[in-house]
Amino acid sequence: MDELTLIQRIVVWVLPVIFAITVHEVAHVGSKKKYGDNTASSQGRLTLNPIKHIDLLGTIILPGILLITGTGFIFGWAKPVPVDPRNFKNPLGDMAIVALPDLFQIC
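Residues numbered from 1 in each chain as written. Predicted model: local features only at pLDDT ≥ 70, side-chain atom pairs only at ≥ 80, totals over all residues. Heavy atoms only, no water.

Draft legend 1. Layout of the pattern of salt bridges. According to the stated counting rule, one finds one salt bridge in the structure shown. Between Arg86 and Asp84 there is a salt bridge whose closest N-O contact spans 2.9 Å. By relative accessible area, Arg86 is classed as exposed at 73%. Looking at Asp84, the relative accessible area reads 18%, which means it is buried. (Salt bridge = Lys/Arg side-chain N within 4 Å of Asp/Glu carboxyl O. Buried < 20%, exposed > 50% of the residue type's maximum accessible area, 1.4 Å probe, protein only.)

Draft legend 2. Layout of helix 1 (residues 6-34). The end-to-end C-alpha distance of helix 1, which contains 29 residues, comes to 42 Å, matching closely the 42 Å that a straight helix rising 1.5 Å per residue would cover. Among the residues trailing helix 1, Gly36 stands out with phi positive, at a value near 110°. (Helix = DSSP H or I, 4+ residues; strand = E, 2+ residues; numbered from the N terminus. Expected span 1.5 Å × (residues − 1).)

Draft legend 3. Examining the environment of Val26 more closely. Here Val26 lies in helix 1. Note on Val26: relative accessible area 18%, which makes it buried. Placed 21 residues apart in sequence, Val26 and Thr47 show a C-alpha to C-alpha distance of 6.4 Å. With residues up to four places along the chain from it excluded, the contact list for Val26 reads Arg45, Leu46, Thr47, Leu48 and His53. (Contact = heavy atoms within 4.5 Å.)

Draft legend 4. Molecular detail of the confidence of the model for the chain. Per-residue confidence for the chain gives a mean pLDDT of 85, with 94% of residues at or over 70. No element of the chain has a lower mean pLDDT than helix 1, which averages 85, and none a higher one than helix 4 (residues 91-98), which averages 91. (pLDDT = per-residue confidence, 0-100.)

Draft legend 5. Local environment of the environment of Thr59. Relative to the helices and strands, Thr59 resides in helix 3 (residues 56-69). The class for Thr59 is buried, based on a relative accessible area of 9%. Each C-alpha atom of the pair Thr59 and Ile18 lies 7.9 Å from the other, and the pair is 41 residues apart in sequence. Beyond its immediate chain neighbours, meaning those up to four positions away, Thr59 contacts Ile18, Ile21, His53, Ile54, Trp77 and Ala78. Among the polar contacts made by the side chain of Thr59, one reaches the main-chain carbonyl oxygen of Trp77 at a distance of 2.6 Å. (Polar contact = N/O pair within 3.5 Å; in protein donor to acceptor, adjacent residues only side chain to side chain.)

Draft legend 6. Expanded view of the packing of aromatic side chains. Evaluation of the coordinates by the stated rule reveals one aromatic pair. Between Phe75 and Trp77 the ring centres are 6.0 Å apart and the planes differ by 65°, which places this aromatic pair in the edge-to-face class. (Phe/Tyr/Trp six-rings, centres within 6.5 Å; stacked < 30°, edge-to-face > 60°.)

Draft legend 7. Seen up close, the packing of helix 1 against helix 3. Across the interface, helix 1 lies against helix 3 with an axial gap of 11 Å and an inter-helix angle of 145°. Every pair of crossing elements has a handedness; the one defined by helix 1 and helix 3 is right-handed. Of helix 3, the residues touching helix 1 (which contributes Leu6, Arg9, Ile10, Trp13, Ile18 and Ile21) are Thr59, Leu67 and Ile68. (Axes fitted to C-alpha atoms, helices over the stretch in contact; angles between N-to-C directions. Left-handed = near helix turned anticlockwise from the far one by under 90°.)

Draft legend 8. Inspection of the side chain of Asp37 at higher detail. Structurally, Asp37 can be placed in the loop between helix 1 and helix 2 (39-42). Of note is the side chain of Asp37, whose polar atom sits 2.9 Å from the side chain of Asn87. The residues contacting Asp37, other than those within four sequence positions of it, are Lys32, Pro82, Val83, Asp84, Asn87 and Phe88.

Right, here's the structure in full:
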């Protein structure tokens, strides 16, 4: 089986990775809002618009370099979602729930 060309690798990886990162971050924001912290949602981060979640270095540059060099794996991150634990009724337990999407990463 032939190796994928660079263009094919970009097409195969970019859209699913951007989608996964966006859904992951929205899960954090949604759980924060549910437990009383509206910090991120008030900044417009409770959206499936990937532009709101893209971090230049972590979402574009580093994964792009790894993809182009053919390392065999992709690593990256999104813009951090702000959180204020003082807004939670049970800060320790609620922060644990907010962190749950990190246990189920798909990219």
